[in-house]
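Below are the chains, spelled out letter by letter.
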Amino acid sequence: MYWDRSIETLDAGGLNKLQLARLRETVRRAGKSPFYKQRFQKAKLSAENLASLEDLKKLPFTTKDDLRAQGLKMLARPLTEMVRLHASSGTTGQATVIYYTRADIATWADLVARSIYMTGLRPKDVFQNMMGYGLFTGGLGFHYGAERLGALTIPAGAGNSLRQVRLMQQFGTTAIHIIPSYALYLLKTFDDKGLDPRGLPLRLAFIGAEPHSEDTRRRIEAAYGVKAYNSYGLSEMNGPGVAFECPEQNGMHVWEDAFLMEVIDPRTAEPVSPGEPGELVFTNLTRRGMPLLRYRTRDLASYDPTPCPCGRTHRRISRIQGRTDDMLIIKGVNIFPIQIEQVLMAMPEVATNYLVELTRQDFNDQMHVKVEVKESFFKEDLKYLHGLKKRITEALKSELLITPRVELVEPHTLPRSEGKAVRIIDRRE
Ligand code: AMP
Ligand code: ZN
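The structure presented is a predicted model; accordingly, all values stated were derived computationally and were not measured.

A. Layout of the pairing of strand β6 (residues 204–208). Of all 5 residues making up β6, 5 are buried, and the element is well covered by its neighbours. Relative to β6, strand β5 (residues 175–178) runs parallel, the two being bridged by 4 bridges. Across the sheet, residue A175 finds its bridge partner in β6, namely L204. Tracing the backbone out of β5, into helix α8 (residues 180–192) and back to the parallel element β6 gives a crossover that is right-handed. Inspection of the sheet shows β6 paired to strand β7 (residues 227–234) by 5 bridges, in the parallel sense. Across the sheet, residue L204 finds its bridge partner in β7, namely K227. Handedness of the crossover joining β6 and β7 through helix α9 (residues 214–224) is recorded here as right-handed.

B. A look at the nonpolar core. If you look at the biggest cluster of nonpolar residues, it comprises 68 residues, and the most contacted ones within it are F206, Y232 and I317. Here this core gets 8 residues from one element, more than from any other, and that element is helix α5 (residues 102–118). If near-sequence neighbours (up to four positions away) are discounted, I317 is found in contact with Y232, A243, G251, M252, V254, M261, L280, A301, S302 and Y303. Counting residues in each nonpolar core, the second largest holds 48 residues, with I176, F190, L328 and L400 among its members.

C. View of the coordination of the zinc ion (ligand 2). Surrounding the zinc ion (ligand 2) are the protein donor atoms C246 (SG), H253 (NE2), C308 (SG) and C310 (SG), which sit 2.1 to 2.3 Å from the metal. Seen from the zinc ion (ligand 2), its 4 donor atoms lie at angles of 103 to 116°, and the figure they make is tetrahedral. All donors of the zinc ion (ligand 2) belong to a single chain; written as a sequence motif, their spacing is C-x6-H-x54-C-x1-C. Pair noted here: H253 is in strand β9 (residues 252–254) and C308 is in the loop between β13 (303–304) and β14 (316–317), with a separation of 55 residues, a long-range link. Neither H253 nor C308 differs from the other in exposure class; each is buried.

D. Quick peek at the pattern of salt bridges. Inspection of the entire model under this criterion finds 35 salt bridges. Between E236 and K64 there is a salt bridge whose closest N-O contact spans 2.8 Å. Note that E236 is positioned in the loop between β7 and β8 (239–245) and K64 in helix α4 (residues 64–70), a separation of 172 residues in sequence. Using a relative accessible area of 4% as the deciding quantity, one classes E236 as buried. The salt bridge involving R323 is made with D325; its shortest N-O contact spans 3.0 Å. Since its relative accessible area comes to 29%, D325 is described here as partly exposed. Salt bridges linked by common partners bring E214, R217, R218, E221, E245 and R319 together as one network.

Analysis parameters
The residue numbers shown here count from 1 along each chain, following its written sequence. Whichever chain is written first becomes A and whichever ligand is written first becomes 1, with later ones labelled in order. Local features in this predicted model are restricted to residues of pLDDT 70 or higher, and side-chain atom pairs are both shown and tallied only at a pLDDT of 80 or more, whereas totals for entire chains, interfaces and linings draw on every residue. The basis for the side-chain values is all heavy atoms of the structure; hydrogens and waters are excluded. Think of it in three bands: residues with accessible area under 20% of the maximum for their type are buried, residues over 50% are exposed, and the middle band is partly exposed, with areas taken using a 1.4 Å probe on protein chains only. Every helix listed is a DSSP run of H or I at least four residues long, and every strand listed is a run of E at least two residues long, numbered separately from the N terminus. If DSSP finds at least two bridges between two strands, the strands pair. Look down the strands so they point away from you; if the path from the first strand over the helix to the second goes clockwise, the crossover is right-handed. Among buried residues, those of type Ala, Val, Leu, Ile, Met, Phe, Trp, Tyr and Cys that are joined through side-chain atoms within 4.5 Å constitute a nonpolar core. Throughout, a contact is declared for two residues whenever any of their heavy atoms are within 4.5 Å. Note that water is not among the atoms considered, so a metal site may appear incomplete; the donors listed are N, O and S atoms within 2.8 Å of the metal, with 3.2 Å applied to Na, K and Ca. The rule is simple: four donors are tetrahedral if all their angles sit between 85 and 135 degrees, four are square planar and six octahedral if opposite donors span more than 155 degrees and the others lie between 65 and 115, and anything that fits none of that is irregular. Criterion for a salt bridge: a side-chain nitrogen of Lys or Arg within 4 Å of a carboxyl oxygen of Asp or Glu.

Encoded structure:
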């Protein structure tokens, strides 16, 4: 049941010791990059004077802006040793580029293999990878991980829904890797063909790359007849394989032998307590080509240090609740997009898609929420629909504290993305 029992169940003392040894190694390696060489000198930090993990705090954080500004100055090995690059999806400005050595690709694949093995994927499985193969890490990252594990891997790529369904039928797919919003969307293709995904041999789904609620997970599980596991990662920390759910489905284990985690208050940069939401900060412990230290992810989550019934000792994080840079301020109220999704996906009448438009009129913010309603409910009379609209408005209001204008639309009429869903359009300037 463990991919690497000794590492996955290492006690706190052992983990701490391993992290310190690996941190020293990382500082030694990173010191070869012009960027960190200078930073280490300024902070008077070296592998030799690093007495405990706490000493790392002498070093300032590394940010996305550093990556953009410094480019190749972040590399700890010559460019000729790099065998691949990936770039972040760039939802917030210019993409950031990560370079990998051959050894980095191998350790990354092993982390992904460990993650999916944990959920029960085995070499006998047929794994269909429905993520974009390209600069985005979700495609190749999982591909190498599944091959490393030994599963038969179908490099399906993103989109082309009808082909996805045909591949599943033809090869008897048992596990899929899919963006959660796309998983819900793909149901329409099954429906159009008069097929029920529950009739397929599917048993596992790995969902990640974008924030999603517990209700979205439950919907995917029910519709496909699978167990769906949350998968978290970011290209700056390789890609997928940073944190993953175990069979308990109660938080994601962060692989702490490979990533040193801090969770901080994004305003004060002070550490937060367990259970309190904060920004995730990671330090690579095993990367060679481009190790990053104290990297501010902008992702918000809380952590749980209590033992997990699965026996793994690595701490767990909650679902990603949003990013420090996707918080919306509407009429002065702070709102994370996931709050809107939580409300909508908890309502059985709501179909799979919605769109939020923000406008400003006479200095007054307006929030317009278009919600797709399931076919069966959309057929109801006007009085029913009016009541439903009122209920959705009330539910959103009680969560967000502002009153949106809700519009009900027919299923499958709102725009779709093959990658991460775009659900907020901010037209305020
Ligand atoms: P990229 O580096 O382009 O692959 O994007 C990484 C970002 O995607 C992360 O920093 C998160 O904001 C988001 N992300 C990845 N996995 C998840 C997940 N399971 N839940 C929520 N957000 C995620
Ligand atoms: Zn666990």
